[in-house]
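Each chain is listed here by its residues.
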Amino acid sequence: GPALGGPPAARTRRGGGGSSSEGRPMLGSRPRSSSLRRPRTLYIAMFVQEDLLGEGSFGRVYRCRHRLDGCLYAVKVSKNRLKHAKKGDQRTNALLKEVYALASLRDTRHLVRYYNAWQEERIVYIQTELCEGGTLERFLPAAAPTATAAPPSS
């Protein structure tokens, strides 16, 4: 068996490339295992994407579970790659306005809670509170007051 104080068996490799002839990792060597590679994006590193909640002209919204805290969030992922903000680029300007509006209206109980926004590989991600129970379209007709009096006649 391995000597006391030696590396754990799961971290040793026998043979060439990154280990000594005794099976111990050499200093400065990097494991070849693909499971130890960094995820391609922060989004993949931080979230487990569970369901597509909706889609609009600017992006898709997913139900995501945060890998660290285990909580569910809604994450909007822009469909199109963000261009450099120019005066004539309406899609980029509209997406940035959404981020700025959500960030400035943080403590409003009538809006979804904004948590974070970031850009990777020119894709914008917006992390907000997940509101279970359906879409706003489905909620509004049920919440609208019903008219009890007849409209005035003219």
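Residues numbered from 1 in each chain as written. Predicted model: local features only at pLDDT ≥ 70, side-chain atom pairs only at ≥ 80, totals over all residues. Heavy atoms only, no water.

Student: What should I look at first to understand the packing of aromatic side chains in this one?
Tutor: Geometry of an aromatic ring pair is reported as the spacing of the ring centres plus the angle between the planes. Under the defined criterion, the tally for this structure stands at six aromatic pairs. Judged by centre distance (6.3 Å) and plane angle (80°), the rings of Phe 47 and Tyr 73 are edge-to-face. With Phe 47 in strand E1 (residues 47–55) and Tyr 73 in strand E3 (residues 72–78), the pair connects residues that are 26 residues apart, well separated along the chain. With a relative accessible area of 3%, Phe 47 lands in the buried category. Feature note: the residues Tyr 43, Phe 47, Tyr 73, Tyr 115, Trp 118 and Tyr 125 constitute an aromatic cluster, connected by ring pairs. (Phe/Tyr/Trp six-rings, centres within 6.5 Å; stacked < 30°, edge-to-face > 60°. Helix = DSSP H or I, 4+ residues; strand = E, 2+ residues; numbered from the N terminus. Buried < 20%, exposed > 50% of the residue type's maximum accessible area, 1.4 Å probe, protein only.)

Student: Sorry, what's going on with the nonpolar core here?
Tutor: The nonpolar side chains of a soluble globular protein tend to be buried, and buried together. Grouped together as the largest cluster of nonpolar side chains are eleven residues: Tyr 43, Met 46, Phe 47, Tyr 62, Cys 64, Tyr 73, Val 75, Val 77, Trp 118, Ile 123 and Tyr 125. Among the secondary structure elements, those contributing two or more residues to this core are helix H1 (42–46), strand E2 (59–66), E3 and strand E5 (123–129). Per-element accounting of this core gives the leading share, three residues, to E3. Setting aside residues no more than four positions away along its own chain, Val 77 makes contact with Tyr 43, Phe 58, Gly 59, Arg 60, Tyr 62, Ile 123, Val 124 and Tyr 125. The next biggest cluster of nonpolar side chains, apart from the first, holds seven residues, and it includes Leu 82, Val 99, Leu 102 and Ile 126. (Core = buried A, V, L, I, M, F, W, Y, C linked by side-chain atoms within 4.5 Å. Contact = heavy atoms within 4.5 Å.)

Student: So what exactly am I meant to see when it comes to helix H2 (residues 90–104) here?
Tutor: One full turn of an α-helix is made of 3.6 residues, so residues set three or four places apart face in the same direction. Helix length check: H2, at 15 residues, gives a terminal C-alpha distance of 21 Å against a target of 21 Å (1.5 Å per residue), a fit within 8%. Taken as a whole, H2 has its buried residues at Thr 92, Leu 95, Val 99 and Leu 102. Seen along its axis, H2 keeps its buried residues to an arc of 105°; they face one direction. In H2, the exposed residues that point more than 90 degrees away from the buried face are Gln 90, Lys 97, Tyr 100 and Ser 104. Contacts made by the buried residues of H2 are with E3, strand E4 (114–120) and E5. (Expected span 1.5 Å × (residues − 1). Arc of directions from axis to C-beta.)

Student: Where do I start with the sheet that holds E1 in this structure?
Tutor: Strand pairing within a sheet occurs via backbone hydrogen bonds; the two strands may be parallel or antiparallel. Read across the open sheet, the five strands follow the order E1-E2-E3-E5-E4; overall the sheet is antiparallel. The strands lining the two open edges of the sheet, one partner per strand, are E1 and E4. Strand-to-strand twist of the sheet, defined as the mean angle between neighbouring strand axes without regard to direction, takes the value 25°. Where E4 lies against E5, six bridges are found, and the strand directions are antiparallel. By the bridge assignment for E5, Gln 119 is matched with Val 124. (Pairing = 2+ DSSP bridges. Axes fitted to C-alpha atoms, helices over the stretch in contact; angles between N-to-C directions.)

Student: Quick question: what am I supposed to make of the environment of Arg 60 here?
Tutor: Its place among the elements puts Arg 60 in strand E2. Linking Arg 60 and Val 77, residues 17 residues apart in sequence, is a C-alpha distance of 5.4 Å. In this structure Arg 60 touches Leu 52, Gly 54, Glu 55, Val 75, Lys 76, Val 77 and Lys 79, once residues within four positions along its chain are discounted.

Student: Even after reading the chapter, I still don't get the pattern of salt bridges, so can you show me in this structure?
Tutor: A pair can form between side chains of opposite charge whenever their charged atoms are brought close. Applying the stated criterion across every chain yields a total of seven salt bridges. Residues Arg 65 and Glu 50 are paired through a salt bridge, measuring 3.1 Å at the closest nitrogen-oxygen approach. Within this pair, whereas Arg 65 is found in strand E2, its partner Glu 50 is found in strand E1, the two being separated by 15 residues in sequence. Given the relative accessible area of 34%, Arg 65 is considered partly exposed. Using a relative accessible area of 35% as the deciding quantity, one classes Glu 50 as partly exposed. Measuring nitrogen to oxygen at the nearest pair gives 2.9 Å for the salt bridge that ties Lys 76 to Glu 98. Here the residue Lys 76 occupies a position in strand E3, and Glu 98 occupies one in helix H2, the gap between them amounting to 22 residues. Several salt bridges share partner residues, and in doing so they unite Asp 51, Arg 63 and Glu 132 into one network. (Salt bridge = Lys/Arg side-chain N within 4 Å of Asp/Glu carboxyl O.)

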